[in-house]
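# Examination of the molecular architecture
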Number of protein chains: 2
Amino acid sequence: MAKPSLPPGTRDFSAEVVRKRNFLFNTIRSVFECYGFGPLETPAMEQLDTLLGKYGEEGDKLIFKILNNGLDHPDKEQKTRDALEQVLKGKNSKDLTERALRYDLTIPFARYVATWHQQLTLPFKRYQMQPVWRADRPQRGRYREFYQCDVDVVGSRSLLNELELGCICHHIFTRLGLPDYSLRINHRQLLVALAARCGDASQLVTITTAIDKLDKVGIEKVKEELANKNLSAAQIDLIEAYLNIGGSLPQQVEQLRALLGQRPEAIAALEELQQLIEDLQQQQVHVLLDPTLARGLNYYTGTIFEIKAPARVNMGSLGGGGRYDDLTGLFGVPGLPGVGLSFGVDRIYDVLEELQLFPHDSTMGTQVLFFNLGADESRAAFVQLQGLRERGLAAELYPESVKFDKQFKYAEKRNFTYIAIIGKEEMAKQQVNVKNIRSGEQRTCSWKELATLSFTW
Amino acid sequence: MAKPSLPPGTRDFSAEVVRKRNFLFNTIRSVFECYGFGPLETPAMEQLDTLLGKYGEEGDKLIFKILNNGLDHPDKEQKTRDALEQVLKGKNSKDLTERALRYDLTIPFARYVATWHQQLTLPFKRYQMQPVWRADRPQRGRYREFYQCDVDVVGSRSLLNELELGCICHHIFTRLGLPDYSLRINHRQLLVALAARCGDASQLVTITTAIDKLDKVGIEKVKEELANKNLSAAQIDLIEAYLNIGGSLPQQVEQLRALLGQRPEAIAALEELQQLIEDLQQQQVHVLLDPTLARGLNYYTGTIFEIKAPARVNMGSLGGGGRYDDLTGLFGVPGLPGVGLSFGVDRIYDVLEELQLFPHDSTMGTQVLFFNLGADESRAAFVQLQGLRERGLAAELYPESVKFDKQFKYAEKRNFTYIAIIGKEEMAKQQVNVKNIRSGEQRTCSWKELATLSFTW
């Protein structure tokens, strides 16, 4: 049989990578827990109905659907054929597929809250770190299976939640050794006011969608897109004036007030932003007001966030989020507001890797390898080995009594720090030879001494 | 829209359950790491080819297959129709489905080893704790998404590996508070010898399949099944004699020798078992020789294991495993032997829950809730809150200044131990009132004292 392959866009994670990823996940998790968020895990599969229509037309096409089982049952044949006709027309049919793989963590969270809202204690603070699947065309840095890491609080309109999310961001990146992250912040109601000032509130989506691309395509292309969407020159001028707002925070606020100050939603949004930015700065959060920040997703209604990687790496966004008015309305439970942040853990991983910020001990596997020098010797070694393990040390005995060289190569390849040798001579003296194979330092100690020997030299 | 539902056989895990599960996973993981095993993670989806034909005809039907994306592309229409005809006949077609969800952890592991064997350092010691998916009919205790937790070493024939797996089992169950587990052990070559003694080595699978059901159905049903499979009365008598072997270990060995001692594979197997059991007992492992242990899976060739739950719970098997000669032959890489153990984490979870063995702090969420008594008060409280978080304590501030009662109910429902109150009076005195709402004990301390206050009273 031919060598088996992996599905395109998916990855195996070896021990070293899993350990680094766990270091990253554990760091993030411990900050979430510290801020009073609790974990939630939802199934990999959801009912197709739950997911369809939530991610736009393009999104729907990228959902991995699961084939129903038992399609070869004769009673189902006609239904299955009819179902296929639907699928060929680009529609879905429950007779062929009823379930699909999680596409993000927001919709499963909304489904969970809608199902359990009567039992949940509000405000409900949850985090979720699980893989999602998307049938995107695989390319460098874009996978069909990747992790998302979301933190949300629902059932509270207090700005304190935004403040805490900013602090969480600061804590996480500081702990990871990336204190030069920046948190950009804006308010959806400024964009609502901008659309209103353009004289057409219904253009909000057109405007935010175009602005959202500014970083990638530049101002001329944004203007082009707006013109193609039939915005007038006057409207485009107004939007350009908005996008050109800059300077210090007070200067930005002044310009925004001048441009949008007639609109009550802009006044309220600016007050919120000023308060929040002041509070965040008091907590040392590296926050910047960025009127050009738009966030593509349309369910945001209040503050929006984007986490930018340090300038020293070429990475861009490491996460983002914002406030929404209505998490669960789509599932028949209206009026639950919330705010959340999503961390792009695969990208953060790449940044930590590029800057070599994973601490040495996050990747450390087993520390001590006992050599196997024969039946009696390995028996004696095993007793000592179990002693080390009882102390919580990760240690091994080479399972076979093969040539010294082979065992030494194993020690090197597996990246052991110490080798421990009990040969005939050491057995007679109840001793063990321990060597740090990185430094070359060697120690001979009695079995009794080994029981308390530290492995930090 | 109607309330969304979960796919049958799948579960949401709330914070309390995730925390308990993580306690269990972390306990197991730390023992694996201590014994020199490293983590591996494989994708949720595999190529359908990789999985099909590995789990028997019944297994194949229970694999969740993923519908190819883009089936509505006009160029693919005929291919898709043809593919459906195959599926209706119970066959598979890549034009409809190319990928499937992981069904167990063994085949993805074998696929991984077959792919990377030239780069891997042998012996290769890996553990894997990931969900698997099976389209089984859901019922109490049987889910369509559940975790498996496997530990294997490949590339070594040494019996030391079996010894270490037994020790791992002992360490895990002792740490979990289940020291009265038992590890049953047998050897596939005894069953091979038994089939040979019956005069028909080709009956091995028939005999092991029947014996495997002994615990569930009793001896009479086993004999019935054997008779139905055309075994003679003399053959069945021999098998019954084998199954009746009992007494102390030396007595068991003596009877096995009497029954199977003509067969060289039985002699070798008995020697291995005696050596292994002696070594395991020296390590305090609760091991029993159980000739009736058969293990359904046919790839085992040497020692086989089953972990039994303590008699005080009605649970049965908590895991099992064994030695195999050829992990990756199916994928074109022959000659890689190994031995592994699989822990039934969902069942172990249920046992720990039934016996209330989850330590209190494994389920503990946030500890301290600051009440929100107004804008200025909450600002003062936030400063104190951040101080506690800097110390690593999990703490919260109620986000809105609502009635005291509502905040107190939140504290109770969310299971906080302490509430901290900074009202007008406390602000003036730079104090905080801390109360243990379980014991009722109350303390008033200065903000400075709070910075070092322990929360263990």
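Cut-off values and rules
Residues numbered from 1 in each chain as written. Chains lettered and ligands numbered in written order. Predicted model: local features only at pLDDT ≥ 70, side-chain atom pairs only at ≥ 80, totals over all residues. Heavy atoms only, no water. Axes fitted to C-alpha atoms, helices over the stretch in contact; angles between N-to-C directions. Helix = DSSP H or I, 4+ residues; strand = E, 2+ residues; numbered from the N terminus. Parallel < 35°, antiparallel > 145°, perpendicular 65-115°, else oblique. Left-handed = near helix turned anticlockwise from the far one by under 90°. Contact = heavy atoms within 4.5 Å. Nonpolar A, V, L, I, M, F, W, Y, C, P; charged D, E, K, R; others polar. Least-squares fit on C-alpha atoms with pLDDT ≥ 70 in both. Buried area = accessible area lost by both parts, 1.4 Å probe. Salt bridge = Lys/Arg side-chain N within 4 Å of Asp/Glu carboxyl O. Buried < 20%, exposed > 50% of the residue type's maximum accessible area, 1.4 Å probe, protein only.

Glancing now at the packing of helix α7 (residues 188-197) of chain B against helix α8 (residues 204-211) of chain B. Residue and element names in this part refer to chain B. Remark: α7 packs on α8, axes separated minimally by 9 Å, with the N-to-C direction vectors making an angle of 120 degrees. Of the possible angle classes, the one that applies to α7 and α8 is oblique. Here the hand of the crossing between α7 and α8 comes out right-handed. On α8, the residues that touch Arg 188, Leu 191, Val 192, Leu 194 and Ala 195 of α7 are Leu 204, Ile 207, Thr 208 and Ile 211. Here the residues of the contact of α7 with α8 are counted per class, giving seven nonpolar, one polar and one charged.

A few words on the packing of α7(B) against helix α11 (residues 233-243) of chain B. When two helices pack together, you describe them by how their axes are tilted relative to each other and by the distance separating the axes. All names here are of chain B. Taken N-terminus to C-terminus, the directions of α7 and α11 make an angle of 150 degrees; their axes are 10 Å apart at the nearest point. Taken as axis vectors, α7 and α11 run roughly antiparallel relative to one another. The interaxial crossing formed by α7 with α11 has right-handed handedness. Contacts between α7 and α11 involve Leu 190, Leu 191, Leu 194 and Arg 197 from the former and Leu 238, Ile 239 and Tyr 242 from the latter.

It is worth spelling out the relation of the copies chain B and chain A at this point. Of the two same-sequence chains, chain B is brought onto chain A (RMSD 0.1 Å, axial shift 0.0 Å) by a rotation of 180 degrees. Such values leave the two copies arranged in the relation of a two-fold axis. Of every C-alpha in chain B, the one belonging to Ile66(B) sits nearest the axis of rotation, 2.2 Å from it.

Let us look at the interface of chain B and chain A. Contact with chain B, which involves 105 residues of that partner, is made by 106 residues of chain A. Interface area for chain B against chain A, summed over the two sides, is near 8,700 Å², with a carbon-plus-sulfur share of 57%. The interface formed by chain B and chain A holds 12 salt bridges in total. The closest approach of N and O atoms between Glu85(A) and Arg81(B), which form a salt bridge, is 2.4 Å. At seven residues, helix α4 (residues 77-88) of chain B tops the list of elements feeding residues into the side of chain B that touches chain A. Taken together, the residues of the side of chain B that touches chain A break down into 49 nonpolar, 26 polar and 30 charged.

Attention now moves to the side chain of Thr208(A). All names here are of chain A. In this fold, Thr 208 is placed in helix α8 (residues 204-212). Of the residues examined, Thr 208 reaches a relative accessible area of 0% and is grouped as buried. Dropping the residues within four chain positions of it, Thr 208 is found in contact with Arg 188, Leu 191, Ala 294 and Asn 298.

One pass over the full model with this rule turns up 62 salt bridges over all chains. Across the salt bridge formed by Asp152(A) and Arg126(A), the nearest N and O atoms sit 3.0 Å from each other. With Asp152(A) in strand β6 (residues 145-154) and Arg126(A) in strand β5 (residues 124-133), this pair connects stretches of sequence that are 26 residues apart. Accessibility assignment for this pair places Asp152(A) and Arg126(A) in one class, buried. Between Arg157(B) and Asp325(B) there is a salt bridge whose closest N-O contact spans 3.8 Å. Placement of Arg157(B) in the loop between β6 (145-154) and α6 (160-175) and of Asp325(B) in the loop between β10 (317-324) and β11 (338-343) is noted, with a sequence separation of 168 residues between them.

Geometric descriptors of this kind do not, in isolation, establish any biological role.
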